[in-house]
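Listed below, chain by chain, are the residues.
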Amino acid sequence: MSNRSAHYSDHPKHHAHEHARAPQRRPAHHRPDRNGYTIVHHGKAVRFGPVVFWIVAGSIVVMGAWSAATATYFAFRDDVLTRLIARQAEMQYAYEDRIAELRARVDRTTSRQLLDQEQYDQKLNQIMRRQALLESRAAALNAMPDTAPTGSVKPTARGPQSTDASATTGMPKPSPINDTVIFVTPPDREARLESRTPAVAQPRTEFANAQGVDSVLSNLQTALDKVEGRQTATLSSVEGSYESRMRRMRGVITDLGLDMAQLEAATPKGGVGGPFVPAKPGSDAGAFERQLYRINLTRAQVDKLTRTLSLVPYRKPVVGNVEFSSGFGVRSDPFLGRPAMHTGLDFRGSTGDPVRATASGKIVTAAWSGGYGRLVEIDHGNGLSTRYGHLSEINVKVGQHVTIGHVIGAVGSTGRSTGPHLHYETRIDGDAVDPQKFLRAGVRLTQG
């Protein structure tokens, strides 16, 4: 401003001319100064510092921009809101579609799991029903008696040398299924099967878990198949054993020349009464049940034949391996030295050795009888009878009924005898026959 004043002072003519034109308005202007800005208007000068100047200028610019933005907002407000609402709706629809897709996926997964669980439950129920069936079959096998005729009379008292009955039988005894997985149904009817835990725990996928359960179920089915196979083999063995025994029994009766009808008529009945209920398999019976039914029929026939053969004296009257001193037939008489008919077998023994009945029957003689000495005779019915001579003592009475193995006396040397032994005879309709024929029949029954 000092420069501007000096300029006006150096040119006075020009200054006067300017004053002459004073009424004319001139726009205000400012010039930069080293220390700020100066605004001149109508000869008046206002000086601003740079900070104030830029604050004022910035405020004007900000106000202008705010005004422009506000005007633009009000001008385009509806379009902006519409676009925002459309964008929000689009995002909402996308989220809803995504949620619906996830929900459908969850439903499919749940349905598949329920279907798999239902299939596993059905398989498990099938395995449990099959196990129960096999257990009932095992119980039926164990319920079958294990009886076998023997070729000699067993002692009544067991000693240290006596063997177990199961060891002497000729038929294999069926065994229960003691090597299968028992399933116990949980109270909530949910069967959870888990495979064996590996040494190193690893995360298992759903597919791996399903494969593990399938493997367990397959192993259970395989185990049950093996048990069923063993039961079928045992049943076939039992059936073959009963049929073989029945054939041997019928063959023995035929070989001995005995009348089967007469023997069966004289055989004591096995039961004592009750209503008649025909035995037959059910309409839904399987192969195992039908085979078991056939075995029961064969077993019933074997039991009947066993009772019939209880009246046939095919057993030895003394226990153990006894030496025959004389056989049946013509021999040299020990007293006269002349040929004579020997009507029985002589079993060498010691005085006092027990003598046992070789078949069931009724005592018809129990007294001294000439050359027999002390004699016991048993009537077995159907013309069959046995005699036991040279006894040292008699333990039965006339009219008494005895069964197989009953001790009727003791070995002695009474009557026409040269030493302690048992004279044993077998008679059919009063005629003496070779006792060895019956004894060989007994050996046949114990074989196979």
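Residues numbered from 1 in each chain as written. Predicted model: local features only at pLDDT ≥ 70, side-chain atom pairs only at ≥ 80, totals over all residues. Heavy atoms only, no water.

Peer 1: What exactly am I supposed to notice about the overall build of the chain here?
Peer 2: For the chain, the count of helices and strands is eight helices and 15 strands. By residue count, 27% of the 448 residues in the chain fall in the buried class. When contacts within the chain are restricted to residue pairs at least 6 apart in sequence, long-range pairs at least 24 apart make up 67% of them. As displayed, the chain has an accessible area near 29,000 Å², and 56% of this comes from carbon and sulfur atoms. (Helix = DSSP H or I, 4+ residues; strand = E, 2+ residues; numbered from the N terminus. Buried < 20%, exposed > 50% of the residue type's maximum accessible area, 1.4 Å probe, protein only. Contact = heavy atoms within 4.5 Å. Areas by Shrake-Rupley, 256 points an atom, 1.4 Å probe, with all protein chains shown as cover.)

Peer 1: Honestly, the pattern of salt bridges in this entry has me stumped. Any pointers?
Peer 2: It is possible for side chains of opposite charge to pair when their charged atoms get near one another. Summed over the entire model, instances satisfying the criterion amount to 11 salt bridges. For the salt bridge of Arg87 with Glu90, the shortest nitrogen-to-oxygen distance reads 3.9 Å. Here Glu90 and Arg87 lie together in helix H3 (residues 50–143), a separation of three residues that amounts to about one turn. Glu377 is the partner of Arg387 in a salt bridge, and the nearest nitrogen-oxygen pair spans 3.5 Å. Of the two residues, Arg387 sits in strand S11 (residues 384–394) while Glu377 sits in strand S10 (residues 374–381), which places them 10 residues apart along the sequence. Under the relative-accessibility criterion, Arg387 is labelled buried at 19%. (Salt bridge = Lys/Arg side-chain N within 4 Å of Asp/Glu carboxyl O.)

Peer 1: Can you help me understand the UniProt feature "transmembrane region" (unreviewed entry) in the chain in this one?
Peer 2: Per the UniProt record, the feature "transmembrane region" (unreviewed entry) sits at residues 51–76. With 100% helix and 0% strand, the stretch residues 51–76 has end C-alpha atoms that lie 37 Å from each other. (UniProt positions renumbered as here; feature names shortened; annotations may be inferred.)

Peer 1: Teacher, can you tell me more about H3 here?
Peer 2: Note on helix geometry: an α-helix contains 3.6 residues per turn, so any two residues three or four positions apart are oriented the same way. Look at H3: only 122 Å from first C-alpha to last across 94 residues, short of the 140 Å you get at 1.5 Å a residue. Of all the bends in H3, the largest measures some 65 degrees and sits at Phe76. Listed as buried for H3 are Tyr120, Leu124, Ile127, Arg130, Gln131, Leu134, Arg137, Ala138 and Leu141. (Expected span 1.5 Å × (residues − 1). Bend = angle between axes of the 7 residues up to and from the residue.)

Peer 1: Explain the packing of H3 against helix H7 (residues 287–309) to me, please; I cannot follow it from the model alone.
Peer 2: The geometry of a pair of packed helices is captured by two quantities: the angle between their axes and the separation between those axes. Between H3 and H7, the shortest axis-to-axis distance is 12 Å and the interhelical angle comes to 10 degrees. On the basis of their axis angle, the class for H3 and H7 is roughly parallel. Contact residues: H3 offers Leu133, Arg137, Ala140 and Leu141, while H7 offers Phe288, Glu289 and Leu292. (Axes fitted to C-alpha atoms, helices over the stretch in contact; angles between N-to-C directions. Parallel < 35°, antiparallel > 145°, perpendicular 65-115°, else oblique.)

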